[in-house]
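Tertiary structure, described
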Amino acid sequence: MFGADKGSSSLLDGKKLSIGIVQARFNEGITNALFEACHAELLALGVQEKHITRVTVPGALEVPIALQAMAEQDEYDALIALGCIIRGETYHFELVANESGAGVSRVSLDTHTPIANAILTTENLEQAVARQTEKGRDAARVAVEMAHVLEQIG
């Protein structure tokens, strides 16, 4: 939920982590802003620039296959999915939102790789703009925290 109390974590040290980011180009103004906020937060959390890899794909439906290819390299402690799907006048919105979300989750579960899903699904451009910075930062924090959580479990 936008503006929700997300709690706090002591697992936000990214100094030793390698993070991969897959960014959809569709709605590029929004996805670039998501990336900039995410990237800045990763650096603030201590992730070294040389340990951040960014891959761009055409749209949200292509994000899962790129995430899978990166996860299979076994070089990343966590991955991040960035995209923006804005409702239109057809059923296409539901198809893209549902399938991209399910694909991201499936890749994470199949590869045992934490993936922060910041593919926005909004009713309009204004909602996307209102969320782009916060959700970009959230994705960075989720990726770093979940890398540590899985390391502790495993």
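One can find the structure itself at the top, above this paragraph.
Let me sum up the structure you'll find in this document. (Residues numbered from 1 in each chain as written. Predicted model: local features only at pLDDT ≥ 70, side-chain atom pairs only at ≥ 80, totals over all residues. Heavy atoms only, no water.)

Structural notes on the environment of Ala-66
Definition in use: Numbered from the N terminus, helices here are DSSP runs of H or I no shorter than four residues, and strands are runs of E no shorter than two. The buried label applies to any residue whose accessible area, calculated with a 1.4 Å probe on protein chains only, is under 20% of its type's maximum; exposed applies above 50%, and partly exposed to all values in between. Working rule for contacts: check all heavy atoms of both residues, and any pair within 4.5 Å makes them a contact.
As for its placement among the helices and strands, Ala-66 is situated in helix 2 (residues 63-72). With a relative accessible area of 12%, Ala-66 lands in the buried category. The spacing of Ala-66 and Val-107 is 41 residues in sequence and 9.8 Å in space, taken between C-alpha atoms. For Ala-66, the contacting residues outside a window of four places in its chain are Val-22 and Val-57.

Re the sheet that holds strand 2 (residues 52-57)
For clarity, the cut-off: Strand pairing is defined by DSSP finding a minimum of two bridges between the two strands. Only the stretch in contact is used when a helix axis is fitted, and all axes are lines through C-alpha atoms; the angle between N-to-C directions ranges over 0 to 180 degrees.
Pairing is parallel across the open sheet formed by four strands, whose spatial order is 2-1-3-4. Two strands in the sheet have a free side with no partner beyond their single neighbour: strand 2 and strand 4 (115-122). Averaged over neighbouring strand pairs, the angle between their axes works out to 15 degrees when direction is ignored. Contacts between helix 4 (residues 125-153) and the sheet are confined to strand 1 (19-24), strand 3 (78-86) and strand 4, with strand 4 contributing the most and set at about 170 degrees to the helix.

Re the packing of helix 1 (residues 28-44) against helix 4
What counts, and what does not: In this scheme, roughly parallel covers angles under 35 degrees and roughly antiparallel covers those over 145, while 65 to 115 is roughly perpendicular and the rest are oblique. Crossing chirality is assigned from the near helix's rotation relative to the far helix, an anticlockwise turn below a right angle marking it left-handed and a clockwise turn marking it right-handed.
Look at helix 1 against helix 4: their axes get within 8 Å of each other, and the N-to-C directions meet at 30 degrees. Of the possible angle classes, the one that applies to helix 1 and helix 4 is roughly parallel. As helix 1 runs across helix 4, the sense of the crossing is right-handed. Mapping the contact onto sequence places Gly-29, Ile-30, Ala-33, Leu-34, Ala-37, Cys-38, Glu-41 and Leu-42 in helix 1 and Leu-125, Ala-128, Val-129, Gln-132, Thr-133, Lys-135, Gly-136, Arg-137, Ala-139, Ala-140, Arg-141 and Val-144 in helix 4.

Some words on the nonpolar core
Quick note on the threshold: Only buried residues count toward a nonpolar core. Its members are Ala, Val, Leu, Ile, Met, Phe, Trp, Tyr and Cys residues joined through side-chain atoms within 4.5 Å.
Counting residues in each nonpolar core, the largest one holds 25 residues, and the members touching the most others are Ile-19, Ile-21, Cys-38, Leu-42, Ile-80, Leu-82 and Val-144. When residues of this core are traced back to their parent elements, those giving at least two are strand 1, helix 1, strand 3, strand 4 and helix 4. When residues of this core are assigned to their parent elements, the largest contribution, six residues, is made by helix 4. Val-144 has contacts with Leu-11, Leu-12, Asp-13, Gly-14, Leu-17, Leu-42, Leu-45 and Val-47, leaving out every residue within four places of it along the chain. Grouped together as the second largest cluster of nonpolar side chains are 20 residues, Val-22, Leu-67, Met-70 and Leu-79 included.

Some details on the pattern of salt bridges
Opposite charge on two side chains lets them pair, provided their charged atoms get close. The condition is simple: In the sections that follow, a salt bridge refers to a side-chain nitrogen of Lys or Arg positioned within 4 Å of a carboxyl oxygen of Asp or Glu.
As enumerated under the stated definition, the model contains five salt bridges in all. Note that Lys-15 and Asp-13 form a salt bridge whose closest N and O atoms lie 3.8 Å from each other. Note on Lys-15: relative accessible area 53%, which makes it exposed. Note that Lys-135 and Asp-138 form a salt bridge whose closest N and O atoms lie 3.9 Å from each other. One end of the pair, Lys-135, and the other, Asp-138, are both in helix 4, three residues apart, so they sit about a helical turn from each other. By relative accessible area, Lys-135 is classed as partly exposed at 21%. On the basis of relative accessibility, which here comes to 17%, the residue Asp-138 falls in the buried class.

Section: the packing of aromatic side chains
The test is simple: Stacked, tilted and edge-to-face are the three classes assigned to paired rings of Phe, Tyr and Trp, where Trp is represented by its six-membered ring and a pair needs centres within 6.5 Å; plane angles under 30 degrees give stacked, over 60 edge-to-face, the rest tilted. Two conditions define a charge sitting above a ring: the NZ of Lys or the CZ of Arg must be within 6 Å of the ring centre, and it must be within 35 degrees of the ring normal.
Taken as a whole, this structure holds zero aromatic pairs when the rule is applied. Seen from the ring of Phe-35, Arg-54 lies directly overhead, with NZ or CZ sitting 3.7 Å from the centre.

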